[in-house]
Amino acid sequence: MAPNSVTVATTKSNEFTLLEVDDLDSPMFQEKQKAASTKQFTWFILLKFHKLLTCLTWLTNGLKSNFSLVKKRISLFGDESFNKNTGRLYKFIKVFLGISIVALAVEIIAHFNKWNLHVIKPWEVQSLLQWFYVVWLSFRENYVAPLVLIVSKFCIVLFLIQSLDRLVLCLGCFWIKYKKLKPTIDEDAFDVEDPSCFPMVLVQIPMCNEREVYSQSISAASQLDWPKDRILVQVLDDSDDASLQMLIKDEVDSWKEKGVNIIYRHRLIRTGYKAGNLKSAMSCDYIKDYEFVAILDADFQPNPDFLKLTIPHFKGKPDLGLVQARWSFVNKDENLLTRLQNINLCFHFEVEQQVNGYFLNFFGFNGTAGVWRIKALEESGGWLERTTVEDMDIAVRAHLNGWKFIYLNDVKVLCELPESYEAYKKQQHRWHSGPMQLFRLCLPAIITAKISVWKKANLIFLFFLLRKLILPFYSFTLFCVILPLTMFIPESELPLWVICYIPILMSFLNILPSPKSVPFLVPYLLFENTMSVTKFNAMVSGLFQLGSAYEWVVTKKTGRSSESDLLTLVERESKSSNEEKILRRHSESGLELLGKIQKSEVVLKKRNKLYRKELALAFLLLTASARSLLSAHGVHFYFLLFQGLAFLVMGLDLIGEQVN
């Protein structure tokens, strides 16, 4: 058979057919093959074009939705809140941004014109701009770069010290886990059969305009497992809304009719925020009959056995002043913001509080989910209104008076995380400005206190300076100021391990207490650097007693955990006819109140804000990333790019829920 022949065989019962093509190069065969190839190629092109259109459509829709979201949030942004953000820090960032943009423009011109100090002689300068650039290069190398190097090395040293402190805390936590160390209690602390042996306990619930969560906190406190004649629940309402006051009072009355020993208190003169509220409640005459006080914020819901897991630790320990429980979050998976907050707070409780509590018997009181010995509060001076962190204030003064603290990592109290960036930002400002106010006020007392030198050093250098002052200082200065500055001053460039390796290692250690959050390692690192501007601003305002240091804004709650509690409450009340009557009476009064509220209620639209500091830093870091691209920096470029985008997301308020 010829080499170019093709044989095709088909079988039909007993027949055999042979088809032979003698020449594949015949014009007829080539024409058919060409037609088939052209048709296949056309379909191939159309298929690729269809995929390209699909991809472009997807990208267009994504960009369109993002831009529409940004446009919507900008349109909803009010000028009044925009003007509130003016401050020295913002002005500094704005000037820094302007200089960096000008420097970037000059660097781009120099890059494309290939100007170089080492090859250009003074007589070879061709323009005034080139002459300025040559002078700047000389001035930068001789004067600016050495100064930037000194500041950067100082911040790097602080960074390493703080990283070492965090590593030691993690090692202490690993040791506690490995040895299974935890506080123990006397099994025969209280005779369950004899209620009279239980100590008298006061439960305080301070609240202020907590419309979303007041009912669940009162319900949880009223169901604590403790003899009814040995417990008193104080609802300390500082609300300025008359309709809300009526709702809270009605809720208290409903539980009182069920046999709960509970009272409602409302101050006419609302001074001192939470500290003033607690101080006023502790001035009641009947307080002298109680030995312990449990403090629960309005969004905290302890389990019924909370008191039986905490108060027995006081038995046989007359020097024990505080037992602190851990927080657990009902909405930790609600959005990216709550997930990142959960990482921070898990590390705080699992590592910082547990290690300090076990090895030092001292830590900062978290303000809620804790039980105090009333004698310790009274001997330490009681609640003071001098700062916005009254919890840390009383803890430091109690420590100076020789009282010890215990932290219980396995006793958890359910609470809620702020879901909007606005609420979280205000919370962090209060948490980081207050310690600096307290440090200024407590420093003389710490120095003159009759405690060991080691305890004084721990309070001054570790508790206040390293963890409250140095951490926000170097985070903002090193990663938001010096790093973008070094892109325009390459002689003082930061080493790779400072901006990449150690931060990733420290972030990984932070995530270890919440292992399910490991996929959020990079977003967490960027988020922490982004929050450094808020923490730095708060730290400076508290240290130098600026006006914003005394701001107290109640963290906005959503009451997400109230639905399940309400269902449980309804099921429990439906079992008793007497309780059904109470529920019916409560519902009728609730309808009356609801009618009053609907008449006077003002509908508020959800709106978002723009944050000028974050936006200015976003453009600054993006400008620095463009400059690093000219110098072919790898990791530096990507870090600045993604960090700039993170600041942009925060500045446009695109993280978390919308504020109300």
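As the structure is a prediction and not an experimental result, all values here were calculated from the model. (Residues numbered from 1 in each chain as written. Predicted model: local features only at pLDDT ≥ 70, side-chain atom pairs only at ≥ 80, totals over all residues. Heavy atoms only, no water.)

A.B. asks: Would you explain the overall build of the protein chain in this entry?
C.D. replies: Across its full length, the protein chain carries 19 helices and nine strands. Looking at the protein chain as a whole, 48% of its 660 residues qualify as buried. Put simply, 80% of the contacts in the protein chain that link residues at least 6 apart link residues at least 24 apart. Surface exposure of the protein chain reaches about 34100 Å², of which carbon and sulfur atoms provide 62%. (Helix = DSSP H or I, 4+ residues; strand = E, 2+ residues; numbered from the N terminus. Buried < 20%, exposed > 50% of the residue type's maximum accessible area, 1.4 Å probe, protein only. Contact = heavy atoms within 4.5 Å. Areas by Shrake-Rupley, 256 points an atom, 1.4 Å probe, with all protein chains shown as cover.)

A.B. asks: Just checking my understanding: could you explain the pairing of strand β6 (residues 292-295) for this structure?
C.D. replies: Look at any regular strand and the pattern is simple: side chains alternate between the two faces of the sheet. Because side chains alternate across β6, one face comprises the buried residues Phe292 and Ala294, and the other comprises Val293 and Ile295, equally buried. One ladder, built from four bridges, connects strand β3 (residues 201-207) with β6; its direction is parallel. Along β6, the bridge assignment pairs Val201 with Phe292. Strand direction decides the pairing type here: β6 and strand β8 (residues 370-373), joined by four bridges, are antiparallel. Within the sheet, the bridge partner assigned to Ala294 lies in β8 and is Val371. (Pairing = 2+ DSSP bridges.)

A.B. asks: Would you explain the side chain of Gln324 in this entry?
C.D. replies: Looking at where Gln324 falls in the secondary structure, it is placed in strand β7 (residues 320-329). In this structure the side chain of Gln324 is engaged in a polar contact, spanning 3.1 Å, whose partner is the backbone oxygen of Thr368. If we ignore the near neighbours within four places in the chain, the residues touching Gln324 are Phe363, Phe365, Asn366, Thr368, Ala369, Gly370, Ile406, Tyr407 and Leu408. (Polar contact = N/O pair within 3.5 Å; in protein donor to acceptor, adjacent residues only side chain to side chain.)

A.B. asks: Looking at this model, I keep getting lost on the packing of helix α15 (residues 521-543) against helix α18 (residues 612-630). Mind explaining?
C.D. replies: The description of two packed helices rests on the angle between their axes and on the distance between the axes. Across the interface, α15 lies against α18 with an axial gap of 10 Å and an inter-helix angle of 125 degrees. Relative to α18, the element α15 is oriented oblique. Helix-helix and strand crossings are classified by hand; for α15 and α18 the assignment is right-handed. Of the residues in α18, those touching α15 at Val533, Thr534 and Asn537 are Lys613, Glu614 and Leu617. Split into classes, the residues belonging to the contact of α15 with α18 amount to two nonpolar, two polar and two charged. (Axes fitted to C-alpha atoms, helices over the stretch in contact; angles between N-to-C directions. Parallel < 35°, antiparallel > 145°, perpendicular 65-115°, else oblique. Left-handed = near helix turned anticlockwise from the far one by under 90°. Nonpolar A, V, L, I, M, F, W, Y, C, P; charged D, E, K, R; others polar.)

A.B. asks: Teacher, can you tell me more about the packing of aromatic side chains here?
C.D. replies: The relative placement of two aromatic rings is captured by the distance of their centres and the angle of their planes. Tallied over the full model, the rule gives 25 aromatic pairs. With 6.0 Å between their ring centres and 90 degrees between their planes, Phe159 and Phe479 make a pair best called edge-to-face. With a gap of 320 residues between them, Phe159 in helix α4 (residues 128-179) and Phe479 in helix α13 (residues 453-488) connect regions that are remote in the sequence. When the ring of Phe292 is compared with that of Phe314, the centres are 4.5 Å apart and the planes differ by 40 degrees; the resulting orientation is tilted. Taken together, the residues Phe292 in strand β6 and Phe314 in the loop between α8 (306-310) and β7 connect sequence positions 22 residues apart. Residue classification places Phe314 among the buried residues on the basis of a relative accessible area of 4%. Across the ring face of Trp255, the terminal group of Lys258 is positioned such that the distance to the ring centre comes to 4.0 Å. Above the ring of Phe463, the side-chain terminus of Lys468 is found at 4.3 Å from the ring centroid. (Phe/Tyr/Trp six-rings, centres within 6.5 Å; stacked < 30°, edge-to-face > 60°. Lys NZ or Arg CZ within 6 Å of the ring centre and 35° of its normal.)

A.B. asks: Is there a simple way to explain the sheet that holds strand β9 (residues 404-415) in this structure?
C.D. replies: Paired through backbone hydrogen bonds, the strands of a sheet run either parallel or antiparallel to each other. A sheet is described by the order of its strands in space; here seven strands give the open sequence β5-β4-β3-β6-β8-β7-β9, paired in mixed fashion. Each of the sheet's edge strands pairs with one partner strand only, and the pair in question is β5 (262-266) and β9. Shown here is a sheet whose adjacent strand axes are inclined to one another by a mean of 20 degrees, direction ignored. Relative to β8, β7 is paired through three bridges, and the arrangement is antiparallel. Following the sheet pairing, Leu322 is matched in β8 by Trp372.

A.B. asks: It is not clear to me how a nonpolar patch on the surface should be interpreted in this structure. Could you clarify?
C.D. replies: A cluster of nonpolar residues, Leu164, Leu167, Val168, Leu171, Phe174, Phe508, Leu512 and Val518, forms a patch on the protein surface that exposes about 680 Å² of accessible area. If you trace the backbone, Leu164 turns up in helix α4. (Patch = residues over 30% accessible without salt bridge, like charges linked within 9 Å, V, L, I, M, F, W, Y side chains within 5 Å. Salt bridge = Lys/Arg side-chain N within 4 Å of Asp/Glu carboxyl O.)

A.B. asks: Whenever I open this one, unusual backbone geometry confuses me. Can you help?
C.D. replies: Negative phi is the rule for most residues except glycine; trans is the rule for most peptide bonds. In this structure, Lys180 is a non-glycine residue whose phi angle is positive, near 55 degrees. Counting through the fold element by element, Lys180 comes out in the loop between α4 and β3. The backbone of Asn361 sits at a positive phi, close to 55 degrees, despite the residue not being glycine. When you line up the elements, Asn361 lands in the loop between α9 (336-360) and β8.

A.B. asks: Is there a simple way to explain the UniProt feature "transmembrane region" (unreviewed entry) in the protein chain in this structure?
C.D. replies: In the numbering used here, UniProt assigns the "transmembrane region" (unreviewed entry) feature to residues 92-112, 143-161, 459-488, 494-512 and 614-630. For residues 143-161, the helix share is 100%, the strand share is 0%, and the end-to-end C-alpha distance is 28 Å. Helix makes up 100% of residues 459-488 and strand makes up 0%, while its end C-alpha atoms are separated by 40 Å. (UniProt positions renumbered as here; feature names shortened; annotations may be inferred.)

A.B. asks: Help me understand α9, please; the structure alone is not making it clear to me.
C.D. replies: Spacing of three or four residues puts side chains on the same side of an α-helix, whose turn is 3.6 residues. Taking 1.5 Å per residue as the helical rise, α9 with its 25 residues ought to reach 36 Å, and the 34 Å between its terminal C-alpha atoms agrees with that figure. Of all the bends in α9, the greatest measures close to 30 degrees and is centred on His348. Buried residues dominate α9, accounting for 19 of its 25 residues. Its side-chain oxygen 3.0 Å from the backbone nitrogen of Leu337, Asn335 forms the N-cap of α9. Two residues or fewer past α9, Asn361 is found with a positive phi of approximately 55 degrees. (Expected span 1.5 Å × (residues − 1). Bend = angle between axes of the 7 residues up to and from the residue.)

A.B. asks: Explanation requested: helix α12 (residues 421-448) in the structure shown.
C.D. replies: Compared with an ideal rise of 1.5 Å per residue, which puts 28 residues at 40 Å, α12 spans 41 Å between its outermost C-alpha atoms and is within 8% of the ideal. The sharpest bend along α12 reaches about 50 degrees and sits at Cys442, with the proline Pro444 one to four residues further on.

A.B. asks: Quick question: what am I supposed to make of the pattern of salt bridges here?
C.D. replies: Any two side chains of opposite charge can pair if their charged atoms end up close together. In the structure shown here, the tally under the stated rule is 19 salt bridges. A salt bridge links Lys274 to Asp297, with the shortest nitrogen-to-oxygen separation between them at 2.9 Å. Of this pair, Lys274 sits in helix α7 (residues 273-281) while Asp297 sits in the loop between β6 and α8, placing them 23 residues apart in sequence. Look at Lys274 and you get buried, because its relative accessible area is 12%. In the salt-bridge network here, residues are joined through shared partners; they are Lys177, Arg326 and Glu350.

A.B. asks: Would you mind showing me how to read the confidence of the model for the protein chain here?
C.D. replies: Low pLDDT marks regions whose predicted coordinates should not be analysed in detail. Predicted confidence across the protein chain gives a mean pLDDT of 82, with 78% of residues reaching 70 or more. The low-confidence segment residues 1-19, where pLDDT is below 50, has 25 contacts with residues more than four positions distant or belonging to other chains. For the stretch residues 78-85, pLDDT sits under 50, and the model shows ten contacts to residues farther than four places along the chain or on other chains. (pLDDT = per-residue confidence, 0-100.)

A.B. asks: Mind showing me how you'd approach the environment of Asn356 here?
C.D. replies: Within the fold, Asn356 resides in helix α9. Spatially, the C-alpha atom of Asn356 lies 9.2 Å from that of Ile406, the residues being 50 residues apart in sequence. Those residues within four positions of Asn356 in sequence are excluded, and the remaining contacts are Leu169, Asn361, Phe362, Phe363 and Arg467. A polar side-chain atom of Asn356 sits 3.0 Å from the main-chain carbonyl oxygen of Glu352.

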